[in-house]
Amino acid sequence: MSVPTARGGASEPVTILLVEDDEVIRKTVAMALERYGYRVTVAGDGLTALELFRERRHDLLLLDVMLPVLDGIGLCRRIRESSLEPILMMSARGDSLDVVSGLEAGADDYVVKPVDISVLVARIRSLLRRATFASTEPTAEPTAEPTVGPTSAPALEAPTAPTSQAAAGPGAAAGRNVPSPAGGPAGPHGLLVFGDLAIDPAGLEVFSAGRQVALAPTELRLLLEFAANPGIVLDRRTLLRDVWDYGWDGDSRVVDLCVQRLRKKIGAERIETVRGFGYKLRR
């Protein structure tokens, strides 16, 4: 079994911060992930996890919803104040309120306990691929004018850890000015332009009204998927397959909540809801 590596394929293994208050579950999941080659740091409550998060860098965070001292939702919000690293939530109930609250707080995905370890690892690998994609140059650029049917965003390969925007956090990426884009989908500086929204597919940067916008890896991948298919309606199943790497039908709420977060950052009018079908990026 190959060891998943961090920082662009370096020898150091991927590090996961596992936060679970049930000791049996915590030990069981940690041991299983270590067998898959991951390095696991554990915490039994939200406050301890927050301290560990601030002390050292982790490539992915695996958070239970129900935690003492500081619950998983609150912990997720605190982490999102300074970091865009991938967050996978765990819920014992699969309750709609838990799921929606976690995704609204900034989680990238969720699983329902008890979860099969192979499913958990598949979700982790998918999140790490998205984070790697958000921090390295893509192998292919989204095209501004697709032909027939939706065009997938660049394919993802081996899971590696984010090294730039995803690791630096919102404060590091926001605030840089660029010349205001104008003139159509192929704007200046190699940008894809949609109104006051400009996307740099090579540099993996996004600008709204001339200001750089910090996006989490999943948000960036979702936006690039829309940008690769401007004006084309993408249904939730397609987005789950092409953005979340789901080889099976996933929970469409993951898509809806990510679109909601993306709208808050780039403008609610930029992504249009086509009722009964899906979403599209306005040209």
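Up top you'll find the structure we're talking about.
The notes below deal with the structure included here.

Notes on the sheet that holds strand β11 (residues 271-274)
Spatially, β10-β12-β11 is the arrangement adopted by the three strands of the open sheet, whose pairing is antiparallel. Two strands in the sheet have a free side with no partner beyond their single neighbour: β10 (234-235) and β11. The pairing of β11 with strand β12 (residues 278-281) spans four bridges and is classified as antiparallel. By the bridge assignment, Val 274 is partnered in β12 with Gly 278. The sheet strands contacting helix α8 (residues 217-227) are β10, β11 and β12, and the helix crosses β12 at an angle near 75°.

Comments concerning the pattern of salt bridges
Scanning the entire structure with this criterion turns up 15 salt bridges. Linking Arg 123 and Asp 109 is a salt bridge whose minimum nitrogen-to-oxygen distance equals 3.5 Å. With a gap of 14 residues between them, Arg 123 in helix α5 (residues 117-133) and Asp 109 in strand β5 (residues 109-112) connect regions that are remote in the sequence. Residue Arg 123 shares its accessibility class with Asp 109, and that shared class is buried. Residue Arg 282 is joined to Glu 272 by a salt bridge in which the shortest nitrogen-to-oxygen separation is 3.2 Å. Note that Arg 282 is positioned in the segment after β12 and Glu 272 in strand β11, a separation of 10 residues in sequence. Residue classification places Glu 272 among the partly exposed residues on the basis of a relative accessible area of 24%. The network of salt bridges with shared partners includes Glu 20, Asp 64 and Lys 113.

Examining the sheet that holds strand β6 (residues 192-194)
Spatially, β6-β7-β8-β9 is the arrangement adopted by the four strands of the open sheet, whose pairing is antiparallel. The sheet is open, and its two edges are formed by β6 and β9 (211-213), each paired on a single side. Mean inter-strand twist for the sheet, computed between neighbouring axes without regard to direction, equals 25°. Looking at chain direction, strand β8 (residues 205-208) and β9 are connected through three bridges and run antiparallel. Following the sheet pairing, Val 206 is matched in β9 by Val 213.

Conventions adopted
Residues numbered from 1 in each chain as written. Predicted model: local features only at pLDDT ≥ 70, side-chain atom pairs only at ≥ 80, totals over all residues. Heavy atoms only, no water. Pairing = 2+ DSSP bridges. Helix = DSSP H or I, 4+ residues; strand = E, 2+ residues; numbered from the N terminus. Contact = heavy atoms within 4.5 Å. Axes fitted to C-alpha atoms, helices over the stretch in contact; angles between N-to-C directions. Salt bridge = Lys/Arg side-chain N within 4 Å of Asp/Glu carboxyl O. Buried < 20%, exposed > 50% of the residue type's maximum accessible area, 1.4 Å probe, protein only.

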